Amino acid sequence: MEKDPSFLFSGITFNRKRFSNDFARFKEKKESNDPEETLLENKTVEVEPAAKPSKKRKRKRTASDPVEGFSVFNSSKTESVLDNSEETELASQRKKEFNRQMERDAIFRKQHNIHTSGTNIPSPLHDFSELRSRYECKPYILRNLAELNIKKPTPIQMQAIPILLSGRDVFACAPTGSGKTLAFVCPMLMKLKRASKDGVRAVILCPTRELASQTYRECKKLAKGKKFYIKLMTKQLSNTAEFAKLSCDVLISTPLRLKSSVTKRKLDLSRVEYLVLDESDKLFELGLLEPVDAIVKACTNPSIIRSLFSATLPDTVEELARTIMHDAVRVIIGRKNSASETVKQKLVYVGSEEGKLMALRQTFEESWNPPVLLFVQNKARAKDLYNELKFEDIRVDVIHSDLQQSERENAIDNFRAGKTWVLIATDVIARGMDFKGVNCVINYDFPDSSSAYIHRIGRSGRAGRSGEAVTFYTDADVRYLKNIANAIKNAGSEVPEWILSMPKLKWRKHRPKRESLFAKQGDEEEE
Ligand SMILES: Nc1ncnc2c1ncn2[C@@H]1O[C@H](COP(=O)(O)OP(=O)(O)OP(=O)(O)O)[C@@H](O)[C@H]1O
């Protein structure tokens with residue numbers, strides 16, 4: 001896809017003698033030290049006919065003709081052979097320019113905290129205009145980016161977009177709110193080029209319906225003005241669609257719905273050329289791994305490009321994922337599995353469960369800064385806390401998986417629209433959900449893993465905005481503090497020394513049996 005300037009000149013040799021005057025005139029311009037020009041000046045190029053020379057005799061070029069650069073499209077044919085020294089000269093020039101470009105790329109990546117590993121990694125984008133100059137992207141993409149007020153690529157977009165456009169598999173790990181969605185949607189639309197009725201050509205897998213719905217909307221926004229068939233796998237579509245007749249270029253789905261359509265309804269994924277696993281570490285967790293594996297296997301197109309995106313990418317997940325990737329490039333922005341640096345993080349000791357409600361009211365009094373997202377450990381606790389707060393004048397609502405789909409969507413829409421100031425949630429919306437202006441995330445219940453911590457607080461401080469996160473912890477949570485302490489410290493927030501000196505625990509899921517929010521009742525059911 002990428003038009004490397006040297007393609008204009010590769011494999012052609014220039015006969016200096018024949019064009020000595022032009023060559024001499026051209027040499028005067030070498031002071032412009034434009035690398036390309038320097039490149040040209042030192043290049044030996046032979047003008048070869050790009051197409052069959054026309055019958056009409058071409059006027060011979062004279063010394064007085066302006067040198068319009070070495071167009072390979074001239075019809076004049078010259079026979080000349082490079083001698084060894086010129087061949088070596090050309091090779092060494094190319095190597096020098098390649099190394100200079102590598103150095104420029106390395107400096108740029110360092111400036112933007114972009115860490116890559118893999119072979120033949122394309123240069124990062126400095127600007128979205130390169131989508132046109134390097135990749136000839138269609139105007140609708142740049143027009144839609146401008147309409148969305150997206151002016152400059154974020155670091156993950158700078159590097160993941162060129163890699164995906166070059167057709168490589170990608171592991172991408174970048175902080176929450178740093179634009180990973182656009183990083184995979186933009187190259188996807190560019191590679192699909194136009195709508196077709198040849199079956200599903202791109203699949204985006206998301207761990208939750210809410211995130212699939214949000215990603216669907218983001219795809220539609222970027223594809224505006226271009227007739228792509230972009231479909232969200234709803235329950236209705238999954239149960240009723242005649243997939244053999246369905247026009248669908250891009251399909252966005254949760255794993256279970258897609259797997260059921262493939263196995264029970266004969267949805268054909270053999271033409272999929274672009275597969276994205278968003279929030280990939282979540283998709284590789286038990287419960288989702290089996291349907292994800294079935295979907296990966298159903299995508300049999302040998303030239304498929306697979307990519308994994310997440311703010312957290314545990315080594316175990318990466319090792320597992322490598323079994324389905326080929327010659328993948330790894331892109332890490334900042335530190336792997338780190339919290340967003342735009343979120344100021346705070347730990348608050350609340351003693352026991354009873355102390356939490358008091359601490360919550362105190363937090364609201366001290367720093368009332370809605371909209372606030374309030375995470376609890378499971379749906380029973382979400383319902384209890386909602387019933388406790390709903391009569392207070394804080395416009396509170398709740399979302400969890402017991403609600404009907406329409407109730408879940410309303411809860412999110414009202415929160416987005418500012419009608420709700422405090423949204424009580426379980427981890428069903430801890431990942432990926434993009435709420436433009438969440439000022440504060442409160443972990444009412446301690447998160448069940450360091451990944452959950454990073455994703456929960458990442459609902460705030462997005463797209464470069466600042467945010468705040470307050471995490472309550474009880475005596476039952478103390479020994480798990482160290483595991484999130486590093487995420488807090490690495491993102492630049494204060495961590496007491498006594499926590500940093502604690503031993504780190506190997507924990508899978510910290511979901512202690514918490515007493516009821518109010519009275520001493522039995523164990524709570526899990527989400
Ligand atoms: N280049 C950009 N410049 C400014 N804003 C951007 C840019 N790219 C994306 N955004 C905006 O940043 C916000 C976060 O983007 P996105 O949801 O893709 O983040 P993310 O990295 O996927 O986060 P998470 O890890 O939580 O899923 C969105 O509102 C999006 O419109």
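Quick caveat: nothing in here was measured; it's all calculated off a predicted structure. (Residues numbered from 1 in each chain as written. Predicted model: local features only at pLDDT ≥ 70, side-chain atom pairs only at ≥ 80, totals over all residues. Heavy atoms only, no water.)

(A) View of the domain arrangement of the chain. Per the domain assignment, the segments making up the chain are domain 1 (97-333) and domain 2 (343-501). Relative placement of domain 1 and domain 2: their C-alpha centres are 29 Å apart. Facing the 14 residues of domain 1 at the interface are 17 residues of domain 2. Of the roughly 1400 Å² buried between domain 1 and domain 2, counting both surfaces, carbon and sulfur atoms make up 45%. On the domain 1 side of the interface with domain 2, the three residues burying the most area are Thr-176, Glu-210 and Gln-214, jointly 39% of the side's total. Summed over the shared surface of domain 1 and domain 2, the result is three salt bridges. Across the domain 1-domain 2 interface, the total number found is ten residue pairs in polar contact (both at pLDDT 80 or more). Elements with a minimum of two residues in the side of domain 1 that touches domain 2: helix H8 (209-223) and helix H11 (280-283). With five residues, the top contributor of residues to the side of domain 1 that touches domain 2 is H8. Taken together, the residues of the side of domain 1 that touches domain 2 break down into two nonpolar, six polar and six charged. (Domains from an automatic or database assignment. Contact = heavy atoms within 4.5 Å. Buried area = accessible area lost by both parts, 1.4 Å probe. Salt bridge = Lys/Arg side-chain N within 4 Å of Asp/Glu carboxyl O. Polar contact = N/O pair within 3.5 Å; in protein donor to acceptor, adjacent residues only side chain to side chain. Helix = DSSP H or I, 4+ residues; strand = E, 2+ residues; numbered from the N terminus. Nonpolar A, V, L, I, M, F, W, Y, C, P; charged D, E, K, R; others polar.)

(B) How the structure looks around the site of the ligand. As a matter of local geometry, the ligand sits amid 19 residues, with Lys-152, Lys-180, Asp-434, Lys-436 and Arg-462 nearest to it. Here Gly-177 contributes a backbone N or O atom positioned 2.8 Å from an oxygen atom of the ligand. At a separation of 2.8 Å, an oxygen atom of the ligand approaches a polar side-chain atom of Arg-459. A breakdown of the residues in the shell around the ligand according to their chemical character gives four nonpolar, eight polar and seven charged. Each of domain 1 (97-333) and domain 2 (343-501) gives at least three residues to the shell around the ligand. (Near = heavy atom within 4 Å.)

(C) Structural detail: helix H12 (residues 289-298). Among the residues of H12, those classed as buried are Pro-291, Val-292, Ile-295 and Val-296. The arc that holds the buried residues of H12, viewed along the axis, is 140°, so those residues lie on one side. Opposite its buried face, H12 presents the exposed residues Glu-290 and Lys-297, each directed more than 90 degrees away. (Buried < 20%, exposed > 50% of the residue type's maximum accessible area, 1.4 Å probe, protein only. Arc of directions from axis to C-beta.)

(D) Up close: the nonpolar core. Core analysis: the biggest nonpolar cluster contains 66 residues, and Leu-131, Met-188, Ile-204, Leu-373 and Ile-429 have the highest contact counts within it. Domain assignment of the residues forming this core places at least three in each of domain 1 (97-333) and domain 2 (343-501). Once residues within four sequence positions are removed from consideration, Leu-131 is found in contact with Leu-125, Glu-136, Cys-137, Ile-141, Leu-142, Leu-145, Ile-161, Leu-165, Cys-186 and Met-190. Listed in part, the 34 residues of the second largest apolar core include Leu-237, Leu-251, Leu-277 and Ile-295. (Core = buried A, V, L, I, M, F, W, Y, C linked by side-chain atoms within 4.5 Å.)

(E) Inspection of the packing of helix H5 (residues 139-147) against H8 at higher detail. Here H5 crosses H8 at 115°, and the two axes come no closer than 7 Å. Of H8, the residues touching H5 (which contributes Tyr-140, Ile-141, Asn-144 and Leu-145) are Lys-221, Leu-222 and Ala-223. A per-class count over the contact of H5 with H8 returns five nonpolar, one polar and one charged. (Axes fitted to C-alpha atoms, helices over the stretch in contact; angles between N-to-C directions.)

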